[in-house]
Each structure stands twice: as C-alpha cells, then as structure tokens.
Amino acid sequence: MLQLEDLTFAYGSVKAVNNVSLEVTEGTIHGLIGPNGAGKSTCIDLVSGRQRPTSGSVRFRGRDVTRMTAPRRRHLGIARSFQRISVYPELTVADQLDVAAGLLKEPDVDAVVRALDLEGCLRHTPAEIGYGEQRRVDIALALIGSPALVLLDEPAAGLSREESIALADHLAELVRDRGTTVVLVEHHLEVVYRVCDRLTVLEQGAVIADGDPQDVRRDARVMEAYLGRSAA
Ligand SMILES: Nc1ncnc2c1ncn2[C@@H]1O[C@H](COP(=O)(O)OP(=O)(O)OP(=O)(O)O)[C@@H](O)[C@H]1O
Ligand SMILES: [Mg+2]
C-alpha cells in the first residue's frame, strides 16, 4: 500500500532520513521504531506531505505522491497524528472535530467519537479534559473520513505504561474493525511487540532492521541501538 524508495531528507547538514526504503502492507500495523533523533517523525512528515524529500519517492497505492501537498494526500487517504498534541486550545472538542470533518468528503464524526469514547468531552476545551482524552482527540482527528492509511507519531506519548498498553489495544481493535492500515511510532517496545505485525527500525536516519517483530527483536544491531534504554 505504501512504498518508500531511497528517501533522503536533510536539515542542513543533518541527514534526518538517509536512503530509506520500506514497504507497508495493506491491513497491517507497521511499527516504526528507533532511538531519539533516528528520523521517525521526519519519515512521517515525508509520507504525510509536511516535508518533501531531497531525493527518493513515496508511492501510495501505486501512485507517486512524493510532491503532492498534505491536504491532497489527506483526501487520497493518508492521515496522521502529531507527536506533540496539536489540538486547538480555544476550540471545544466538538468544534475541532467539525473543522476536520468540514474538510473531508465523508466525515464519520459520530462513529469516531464513539470509537474513541469521546462523548463525555465534546463540549469541553482541551484544557478542561484529561491528558489521555487529549491524546484520543488527536487520534480522532486523524481517523475522521476513514483514511486508508493512518500515521500515528507516538500516540501514547506522556501516558503511563498501563495507559499506553490500553490505548494500543484499543487502537489495534479499532483499526482492524475499520480495515485501516497503520504506521505506528511508539517508544514502549512492549506495546510495539504486542500490536505490530511488522517492524522497521531506524537509526541515524537509516533502516537497520525490517521484518517480523520477533526476528527484529533478536537482531544484534537492534539490541545495540537500544542498549542503555529502558526498553526490551
Ligand atoms: N526542525 C528541525 N530542524 C533541524 N533539525 C531537525 C529538525 N527536526 C528534526 N531534526 C533533526 O533530524 C533528525 C531526526 O529527527 P526526528 O524528529 O525525525 O527523529 P525521531 O526519530 O522522531 O526522534 P524522537 O524519538 O525524539 O521523536 C535529528 O537529528 C533531529 O535533531
Ligand atoms: Mg519523533
């Protein structure tokens, strides 16, 4: 469904993404992991259209979207959430969802609100709801319109281990029900191994491992990249 071919993107002299090739299969949850600064968010930016690569290409369902704007990609079915909460502080949750829905052809706001248990906070602003609920609003914004591919950049950031696992299980069930394909950036490896069908590991902008999570888990370079982290 998604093919990255030899993607490179540099911030000045730093190659944030360095010759990355990877394939995401339809209907899977594909984990994208790696240490801080590995280039995970930049990869998401290149797929969602927030950034354009220096070289290489992004293909979505066989179509070259490398130079396409982010809104056009969203209409085609590529949605994303952001690592930092990106909701508008002054708007109620209902208004935020309405803004997103207004930009899309087939908004299914009610279904998304139900699926993410957000009924109770629709009339509130982000400041009035809990952090976990704010994270779910962010995810809801990405899921409106039933995009075929959703890129989630650390949706559980800032949550406890238990909350992260609960959110990931909930997400896995939700996207499988809807037939959504997911690229998931996630720091808790326990969560990654629990829900991901396939894994790509980045380090310093490059792919160091890719494949079945259980194989990747045993890869010597991956273990080394994670050495000293509160992982595994
Ligand atoms: N706006 C920016 N300007 C300059 N350099 C940047 C910018 N954003 C990211 N970088 C650099 O690009 C590299 C990749 O960053 P990126 O945010 O993609 O990593 P990441 O894997 O998402 O890390 P994290 O786990 O901390 O979120 C890092 O070296 C980072 O310092
Ligand atoms: Mg990041």
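Because the structure is predicted, anything quoted here is derived from the model rather than measured.

## A word on the site of ligand 1
Here is step 1 of the chain: Close to ligand 1 lie 14 residues, the nearest being Gly37, Lys40, Ser41, Thr42 and Gln83.
Here is step 2 of the chain: Between ligand 1 and the protein, one listed contact pairs an oxygen atom with a side-chain N or O atom of Ser41 at 2.9 Å.
Here is step 3 of the chain: At 2.5 Å from an oxygen atom of ligand 1 is found a side-chain nitrogen or oxygen belonging to Thr42.
Here is step 4 of the chain: For ligand 1, the accessible surface in isolation is 630 Å², of which the surrounding protein chains cover 61%.
Here is step 5 of the chain: Listed by contribution, the elements that provide at least two residues to the shell around ligand 1 are strand 2 (14-24) and helix 1 (40-48).
Here is step 6 of the chain: Among the elements that take part in the shell around ligand 1, helix 1 stands out by supplying three residues, more than any other.
Here is step 7 of the chain: Taken together, the residues of the shell around ligand 1 sort by class into five nonpolar, seven polar and two charged.

## Here we look at the pattern of salt bridges
Here is step 1 of the chain: The full count for this structure, using the stated rule, is 11 salt bridges.
Here is step 2 of the chain: Between Asp108 and Arg178 there is a salt bridge, with its nearest N and O atoms 3.1 Å apart. One end of the pair, Asp108, is in the loop between helix 3 (93-102) and helix 4 (109-115); the other, Arg178, is in helix 6 (residues 161-178), and 70 residues separate them in sequence.
Here is step 3 of the chain: A relative accessible area of 29% places Arg178 in the partly exposed class.
Here is step 4 of the chain: As a salt-bridge pair, Asp169 and Arg194 come within 2.6 Å of each other at their nearest N and O atoms. Taken together, the residues Asp169 in helix 6 and Arg194 in helix 7 (residues 189-195) connect sequence positions 25 residues apart.
Here is step 5 of the chain: Overall, the relative accessible area of 29% leaves Asp169 in the partly exposed class.
Here is step 6 of the chain: Among the residues examined, Arg194 registers a relative accessible area of 48% and is labelled partly exposed.

## Description of the packing of aromatic side chains
Here is step 1 of the chain: Scanning all chains against the criterion turns up one aromatic pair.
Here is step 2 of the chain: Centroid distance Phe9 to Tyr11: 4.9 Å. Interplanar angle 85 degrees. Geometry classified as edge-to-face.
Here is step 3 of the chain: Residue classification places Phe9 among the buried positions, given a relative accessible area of 9%.
Here is step 4 of the chain: Positioned above the aromatic ring of Phe82, the side-chain terminus of Arg80 is 4.0 Å from the ring centre.

## Focus: the environment of Asp197
Here is step 1 of the chain: Summarising the element assignment, Asp197 is placed in the loop between helix 7 and strand 9 (198-203).
Here is step 2 of the chain: Asp197 sits 75 residues away from Leu122 along the chain, and the two C-alpha atoms are 33 Å apart.
Here is step 3 of the chain: When residues no more than four places from it in sequence are discounted, the contact partners of Asp197 are Gly27, Thr28, Ile29, Arg176 and Pro213.
Here is step 4 of the chain: Within the structure, Asp197 has its side chain in polar contact with the side chain of Arg176 (distance 3.0 Å).

## A closer look at the sheet that holds strand 1 (residues 2-11)
Pairing between sheet strands relies on hydrogen bonds along the backbone, with the strands arranged either parallel or antiparallel.
Here is step 1 of the chain: What the four strands build is an open sheet, ordered 2-1-4-5; its pairing is antiparallel. Each edge of the open sheet is held by one strand with a lone partner, namely strand 2 and strand 5 (63-64).
Here is step 2 of the chain: Looking at chain direction, strand 4 (residues 55-60) and strand 5 are connected through two bridges and run antiparallel. Bridging across to strand 5, Phe60 finds its partner in Arg63.
Here is step 3 of the chain: Along the sheet, helix 1 contacts strand 1, strand 2 and strand 4; its crossing angle with strand 1, the most-contacted strand, is approximately 115 degrees.

Conventions adopted
Residues numbered from 1 in each chain as written. Chains lettered and ligands numbered in written order. Predicted model: local features only at pLDDT ≥ 70, side-chain atom pairs only at ≥ 80, totals over all residues. Heavy atoms only, no water. Near = heavy atom within 4 Å. Polar contact = N/O pair within 3.5 Å; in protein donor to acceptor, adjacent residues only side chain to side chain. Areas by Shrake-Rupley, 256 points an atom, 1.4 Å probe, with all protein chains shown as cover. Helix = DSSP H or I, 4+ residues; strand = E, 2+ residues; numbered from the N terminus. Nonpolar A, V, L, I, M, F, W, Y, C, P; charged D, E, K, R; others polar. Salt bridge = Lys/Arg side-chain N within 4 Å of Asp/Glu carboxyl O. Buried < 20%, exposed > 50% of the residue type's maximum accessible area, 1.4 Å probe, protein only. Phe/Tyr/Trp six-rings, centres within 6.5 Å; stacked < 30°, edge-to-face > 60°. Lys NZ or Arg CZ within 6 Å of the ring centre and 35° of its normal. Contact = heavy atoms within 4.5 Å. Pairing = 2+ DSSP bridges. Axes fitted to C-alpha atoms, helices over the stretch in contact; angles between N-to-C directions.

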